[in-house]
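# Structure at a glance
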Amino acid sequence: MQNLIEKSKKYKMNTYASFDIVLESGNGSTLKDINGKEYLDFVSGIAVNSLGYGQTDILKALVGQACMLTHCSNLYLNLNEIELAEKLVENSCFDKVFFCNSGTESVEAAIKLAKKYGKTQKNIDTPEIISMKQSFHGRTLGALTATGQDKYQSSFTPLLSGFNYAEFNNIESVKSIINEKTCAVIIEIIQGEGGILPATTDFIKELREITQDKHILLIIDEVQTGIGRTGKLFAHQHYGIEPDIMTLAKGLGGGVPIGAMLAKDFVANSFIAGDHASTFGGNPLACGAAIAVLDKILSDCFFDEVKAKGHYLKERLLELNIENTEVRGMGLMFGMEFSFPVKPIIEKCIENGLLLIGAGANVIRFVPPLIIEFEEIDKAVDILQSALLEIK
């Protein structure tokens with residue numbers, strides 16, 4: 001393994017602080033490295049492998065489609081793209097969808113659509129967008145500018161103009177920076193990289209009321225929270241509101257790269273042919289995988305199972321009874337905040353066969369596959385408890 005690790009360092013750019021593990025295969029919620037060591041996976045590709053590994057329906061969809069057609073360009077239509085668009089629209093409050101390849105691309109598409117709407121339908125010469133402090137929307141330049149965290153932005157200034165930042169869960173902060181140039185507000189229902197911080201119901205409802213009253217678009221970034229992660233198809237459904245634009249990726253393809261940006265007709269119609277594009281967006285291979293994912297997630301009782309497992313995970317974490325520790329989140333997306341850096345805990349858990357990831361320096365993030373079993377939750381918490389005892 002060490003030879004492969006050194007080869008990786010020699011040939012790959014240094015953009016990820018990767019752990020010294022070379023993974024080879026997976027089944028269910030378990031991964032195996034090239035030495036045969038198994039790991040219980042509570043990262044799931046950072047909330048990507050929503051149905052775990054070796055999921056039969058996804059494999060069938062990929063193999064079957066690969067034997068027929070993998071790519072044909074958006075100059076032509078394909079069956080899977082049309083079917084996936086229908087599934088997403090018919091199971092949401094939106095009217096149209098644009099397909100791309102990742103979360104950051106979906107956010108870029110949302111930013112462009114919002115600005116086009118501001119220019120053409122609100123007659124704003126220089127449309128502005130409000131984002132939240134401690135948010136995370138991606139690493140391309142537009143999405144990075146929307147990301148309200150200096151640690152991600154400082155090395156890449158100057159950023160795009162036309163973004164203002166409000167305090168998350170503080171409606172007065174949002175009101176104070178709305179002006180005649182504001183065309184949209186972009187927000188995560190649960191701030192992921194910001195520490196797994198859920199929005200309050202009052203904040204989201206008031207934000208929706210204000211944006212509707214002032215004819216400002218509300219963009220919900222559901223890249224991490226969408227596709228069943230929180231116990232509903234989309235996290236904003238917990239709050240009883242309808243956004244104007246939504247971004248998706250991660251869990252949508254169950255491990256296959258795909259992103260989507262959905263919008264209501266009144267804003268989607270701002271785009272005309274040539275305004276935006278994505279060469280690989282909507283390709284039949286990725287769309288086939290996403291159809292298989294949605295068919296599974298939309299089946300009877302799936303969301304109830306996610307909620308039940310999430311409730312059980314939270315209860316088990318609280319049973320650890322660690323002083324000055326908070327557990328927050330919903331569905332199968334939780335953050336456990338400590339009063340000290342969590343990197344040593346994560347490293348010890350990996351050593352003991354449990355994959356975890358942080359969400360900031362002091363927060364451990366729990367985003368296992370949605371098909372995780374109750375006994376696997378028990379195993380994960382037991383490993384975490386042992387790690388905590390070992391590092392004291």
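Going by the structure above, here's the rest.
We now turn to the structure provided with this report. Only a predicted model underlies this, so the values are computations on that prediction, with no experimental measurement involved.

Definitions and limits used
- Residues numbered from 1 in each chain as written.
- Predicted model: local features only at pLDDT ≥ 70, side-chain atom pairs only at ≥ 80, totals over all residues.
- Heavy atoms only, no water.
- Pairing = 2+ DSSP bridges.
- Helix = DSSP H or I, 4+ residues; strand = E, 2+ residues; numbered from the N terminus.
- Buried < 20%, exposed > 50% of the residue type's maximum accessible area, 1.4 Å probe, protein only.
- Contact = heavy atoms within 4.5 Å.
- Core = buried A, V, L, I, M, F, W, Y, C linked by side-chain atoms within 4.5 Å.
- 1 Å grid on protein atoms, 1.4 Å probe; cavity = no way out; pocket = protein on both sides within 12 Å on 5 of 7 lines; lining within 4 Å.
- Points joined across faces, edges and corners; volume = space filled by probe spheres on them.
- Nonpolar A, V, L, I, M, F, W, Y, C, P; charged D, E, K, R; others polar.
- Phe/Tyr/Trp six-rings, centres within 6.5 Å; stacked < 30°, edge-to-face > 60°.

## A closer look at the sheet that holds strand 3 (residues 38-41)
Strand order in the open sheet made by the four strands is 1-2-3-15, with mixed pairing throughout. Every interior strand has two partners, whereas the edge strands, strand 1 (23-27) and strand 15 (354-355), have only one. Judged from the three bridges that link them, strand 2 (residues 30-33) and strand 3 form a sheet pairing that is antiparallel. Bridge pairing links Thr30 to Leu40 in strand 3.

## A look at the environment of Gly259
Within the fold, Gly259 resides in strand 12 (residues 259-263). On the basis of relative accessibility, which here comes to 0%, the residue Gly259 falls in the buried class. Residues Gly259 and Asn101 lie 158 residues apart in sequence; the distance between their C-alpha atoms is 4.6 Å. Sequence-distant contacts of Gly259, defined by excluding residues within four places in its chain, comprise Phe98, Phe99, Cys100, Asn101, Ser102, Leu248 and Ala249.

## Here's the deal with the nonpolar core
Residues Phe42, Phe366 and Leu384 are the most contacted members of the largest nonpolar core, which totals 62 residues. Among the elements that make up this core, the one with the highest residue count is helix 11 (residues 284-297) (nine residues). With 29 residues, the next largest nonpolar core counts Ile189, Ala199, Met330 and Ala359 among its residues.

## Examining empty space enclosed by the protein
The tally for this structure, following the rule as stated, stands at one cavity of 30 Å³ or more. One number sums up the size of the largest cavity: a volume of about 40 Å³. Contributing to the lining of the largest cavity are His71, Cys72, Ser73, Asn74, Tyr76, Asn78, Glu81, Thr279, Gly281, Gly282 and Asn283. In terms of residue class, the lining of the largest cavity is built from two nonpolar, eight polar and one charged.

## Some words on the pairing of strand 10 (residues 217-221)
A regular strand places its side chains so that they alternate between the two faces of the sheet. Most of strand 10 is tucked away, with five of its five residues classed as buried. Because side chains alternate across strand 10, one face comprises the buried residues Leu217, Ile219 and Asp221, and the other comprises Leu218 and Ile220, equally buried. Of the pairings in the sheet, the one linking strand 7 (residues 182-188) to strand 10 comprises five bridges and is parallel in character. By the bridge assignment, Ala184 is partnered in strand 10 with Leu217. Sheet topology note: the strand 10/strand 11 (residues 245-248) ladder contains three bridges and is parallel. From the neighbouring strand, Ile220 faces strand 11, where its bridge partner is Met246.

## Notes on the packing of aromatic side chains
Counting across every chain of the model gives six aromatic pairs. Ring geometry for Tyr117 and Phe266: centres 5.9 Å apart, planes at 80 degrees, overall edge-to-face. Of the two residues, Tyr117 sits in helix 5 (residues 103-121) while Phe266 sits in helix 10 (residues 265-268), which places them 149 residues apart along the sequence. Consider the rings of Phe168 and Phe203, whose centres lie 6.0 Å apart with planes at 70 degrees: the pair is edge-to-face. Of this pair, Phe168 sits in the loop between strand 6 (163-166) and helix 8 (171-177) while Phe203 sits in helix 9 (residues 201-213), and the two are 35 residues apart along the sequence. Residue Phe203 is classed as buried on the basis of its relative accessible area, which comes to 3%.

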